[in-house]
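Residue-level listing of the chains:
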Amino acid sequence: MAQRTDQVSVTLAAIARLAGVGRAAVSNWKRRYPDFPLPVGGTDASPQFALEAVEAWLKRNDKIAATVGPLERLWPRVEDLGDRDRMGRVVAGLGARLSDPAADQRGRGEPLDPAEQALVDDAVRMAGTEGEAETFRFLLDRWLGTHVRQIATTPPPLATLMTRIAAGVRGDLPVRTVADPACGTGTLLLTAARRWSGADTGGRALRLLGNDVDPVLSMVADARLALETDRADIEVTAHDTLRNATGQLSDPVDVVLSNPPANARDWGHEELATDQRWAYGQPPRTESELAWVQHIVSMLGEGGGAPGENGVPGGGVAVVLLPPGVAARRAGRRIRAGLLRAGVIRAVVALPAGAAPPYGVGLHLWVLAPPAPRPQNAVLLVDTSDCRHTPPTSVSASRLPAVDWDGVQDRVLLALEGVEVPGGVAVPVTDLLGEETDLTPARHVAAAQPVRPVDLRRLWARYDKGLLTARDAGGVLRDLSVARDSTGHGTVSIAELEQAKALAISSGTAVPEEKVRRGEVPEVGVELLTGLAASSPAERQWLDRADAEQADRDGLSPLTSFGDVVVVATAHGFDAWVETAAPRALGHRLHRLRVDPARLDPWFLAACLRERSNARRAGGHSSSTSRVDVRRLHVLRLPLDEQQTYGEVHRKLVDLESALAELAAVGGELSEGLTALLAAGRLEQR
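All values derive from a computational prediction rather than experimental measurement.

Caption draft 1: Structural view of the overall build of the protein. Of regular secondary structure, the protein possesses 20 helices and 24 strands. When the 686 residues of the protein are sorted by exposure, 47% land in the buried category. Surface exposure of the protein reaches about 33700 Å², of which carbon and sulfur atoms provide 50%.

Caption draft 2: Layout of unusual backbone geometry. Each neighbour pair has its own omega, and for proline 357 with proline 358 the value is -10°, a cis peptide bond. Within the secondary structure layout, proline 358 lies in the loop between strand E9 (345-350) and strand E10 (364-368). The peptide bond linking alanine 582 to proline 583 adopts the cis configuration, its omega dihedral lying at 0°. For proline 583, the location among the structural elements is in the loop between strand E21 (575-578) and strand E22 (585-586). In the Ramachandran plot, arginine 589 falls in the positive-phi region, its phi being about 65° despite a non-glycine side chain. Locating arginine 589 in the fold gives a position in the loop between E22 and strand E23 (590-595).

Caption draft 3: Geometry of the packing of helix H5 (residues 84-99) against helix H7 (residues 132-146). Contact pair H5 / H7: the axes reach a minimum separation of 10 Å and the direction vectors enclose 165°. By the angle between their directions, the pair H5 and H7 is classed as roughly antiparallel. As H5 runs across H7, the sense of the crossing is left-handed. Two secondary-structure elements touch here, H5 through Arg84, Met87, Gly88, Val91, Leu94, Gly95 and Leu98 and H7 through Glu132, Thr135, Phe136, Leu139, Leu140, Trp143 and Thr146. Looking at the contact of H5 with H7 residue by residue, the classes come out as 8 nonpolar, 4 polar and 2 charged.

Caption draft 4: Spatial organisation of helix H6 (residues 114-130). Here H6 contains 17 residues, and its C-alpha end-to-end distance of 24 Å stays within 8% of the 24 Å for a straight helix at 1.5 Å per residue. Residues Glu116, Ala118, Leu119, Val120, Asp122, Ala123, Met126 and Ala127 constitute the buried set of H6. For H6, the secondary structure elements touched by its buried residues are helix H4 (70-79), H5 and H7. Positioned one or two residues after H6, glycine 131 has a phi angle of 105°, which is positive.

Caption draft 5: Highlighting the sheet that holds strand E19 (residues 541-544). Reading across the sheet, the 4 strands line up as E17-E19-E18-E22 and stay open at both edges, with mixed pairing between neighbours. This sheet does not close on itself; its edge strands, each paired only once, are strand E17 (517-518) and E22. With 4 bridges connecting them, strand E18 (residues 525-529) and E19 associate as antiparallel partners. Opposite leucine 528, over in E19, you have glutamine 541 as the bridge partner.

Scoring rules and cut-offs
The residue numbering used here restarts from 1 in each chain and proceeds along that chain's sequence as written. For a predicted model such as this one, the threshold for reporting local features is a pLDDT of at least 70, and the threshold for listing and counting side-chain atom pairs is 80 or more; totals across whole chains, interfaces and linings nevertheless cover every residue. The basis for every side-chain value is the complete set of non-hydrogen atoms in the structure, without hydrogens or water. A run of H or I in DSSP counts as a helix once it spans at least four residues, and a run of E counts as a strand once it spans at least two, with each numbered from the N terminus. Each residue gets one of three labels from its accessible area relative to the maximum for its type: buried under 20%, exposed over 50%, partly exposed in between, using a 1.4 Å probe on protein chains only. To measure how exposed things are, a 1.4 Å probe is used in the Shrake-Rupley method; for residues, cover is taken only from the protein chains shown. Helix axes are fitted to C-alpha atoms over the stretch in contact, other axes to C-alpha atoms as well, and angles between N-to-C directions run from 0 to 180 degrees. Roughly parallel covers angles under 35 degrees, roughly antiparallel covers those over 145, roughly perpendicular covers 65 to 115, and oblique covers all other angles. We call a crossing left-handed when the near helix sits turned anticlockwise from the far one by less than a right angle, and right-handed when that turn is clockwise. Only heavy atoms enter the contact rule, under which two residues are in contact if any of them lie within 4.5 Å. In this count, Pro and Cys sit with the nonpolar residues alongside Ala, Val, Leu, Ile, Met, Phe, Trp and Tyr, while Asp, Glu, Lys and Arg are called charged and the others, Gly among them, polar. Each helix should span, by expectation, one fewer than its residue count multiplied by 1.5 Å. Two strands pair under a simple rule: DSSP has to find at least two bridges between them.

Functional significance is not addressed by these values, which are geometric in nature.
Written out as structure tokens, the structure reads:
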């Protein structure tokens, strides 16, 4: 086949991906460099540039280390198709061809047009060198990222949690069939295949049953499962499963994992009025989710008897992601009551906001089982809404805290095993039946665990330690007095110190979101600083060590060493401190000042820089995001020995601040704990 000569166009966002920087950096290059390639298409708001010209410019200006890979060249051609479905057919066609070279869309959907087929052919050839799985995942991820507002996917951590819940409830019973009646791109089925393909399936291959009303999504799911599993027994269909429940299922399934559509109005309310699946009541038009719940319960067949140890049902089990309103809306009260009386609802788990789209809502997981002759007398309710990582202070307030997935999984799985956990409670069914039949966990779970005697002793020990440190530092600082005259001391700017090589400045840039991890920093990670100071372990952001070291070499996110001075250069969050927890990577608007210890004392330098009037002189204040020009900051001009004397005073001041912050934190915990004990009548004099 002759070499393709079509000119490939890329957007500013695509150029940013090629160079490994943020889009703002590319916009800055476009303004600053007169030789930056001119647009070849698009609009003023979204210009497009020739890929070859962009690549040449990036190499000429040392903005990229190597030529763009073949997949990066292929994607703009796929994107040029413009239509979501056409791009999806290319992704599905690639997966089908890679899983079965003789396949052509696996006999479903519209045939590929010549342009789509040519892209599939090129992608198949690239997969020979780039790797089959890598090529497919690259195009799939780019397609999903491009149409993120149109295609809602189940995040992998949530899919893993749902699978582990089903496995925990299922216990030692074999899993032969897993179904998802609203499978989308197949994430839940793929996660289930990875969990149960090698497990005991009763001597039979694991059967995966998927369906989605969107033909393109079902094609992608089918190809994805075919490529990324052993393909033992995969069947993915495309139809409206609520209106047409027949077809795939001749026998009950063992596990259903599903993230069905929410808030649907045209789901078949009128034509399905006499459907046999509505054993617990006909769902109102506004309760499409309860139609899905009853449909999914019907897929599990009949219960296999009373629950065994830990509530393991004899029949199948379903884990379904639902909006929180399904647990409380008055229109669904009678159906919820029917499900409770039949023993269908085994558990309801409230997830933190941000667990899945829509990210601003704390969704629920319902754990369902078929009706049993002897229903359980309690429902497990677990609230994990507090399992979150709080973002640093410099992050936009509109950004949601990250989900602490390890905390969510530990709490839910332990609760399913019968272990007492914070936010978990088994509520008798009779207590749930009533005027509202509200299954929202937060309405039934205690706000906080009671304070134990050992907790109280630990809090007072922290209080005593903080008090001792504060007294020690305060005693030293109390002996200081105010000098009458300081007019003999001049100042020097950071720019002058840099020019004299008394220090070197390195500035951080925005780190690509896909490289940022959240949670406690492991041994193989490097903490990423984006706020005023180091956060608690649960609030940290971090980078893989290899990524951090590469970013440091590229001058994007400098790594700190012990004794460096770090400056946060925004007017609303200005601060400076001496680094004692190195190495850490610096993010956007953070600067590293590495001093020559023979000429500058870092503790003295930090003390001078953090003074508020210094920031006011060095930056604008038109908004809360105004920048401070680090090089315009000033430092007192003193001999090194006097710097070191002042530096020791600053050390003590930092010790005092840390001790007071610890006292404030432990004081809040003591107040809350003692108040709870007081309200419960559990306090007494020794």
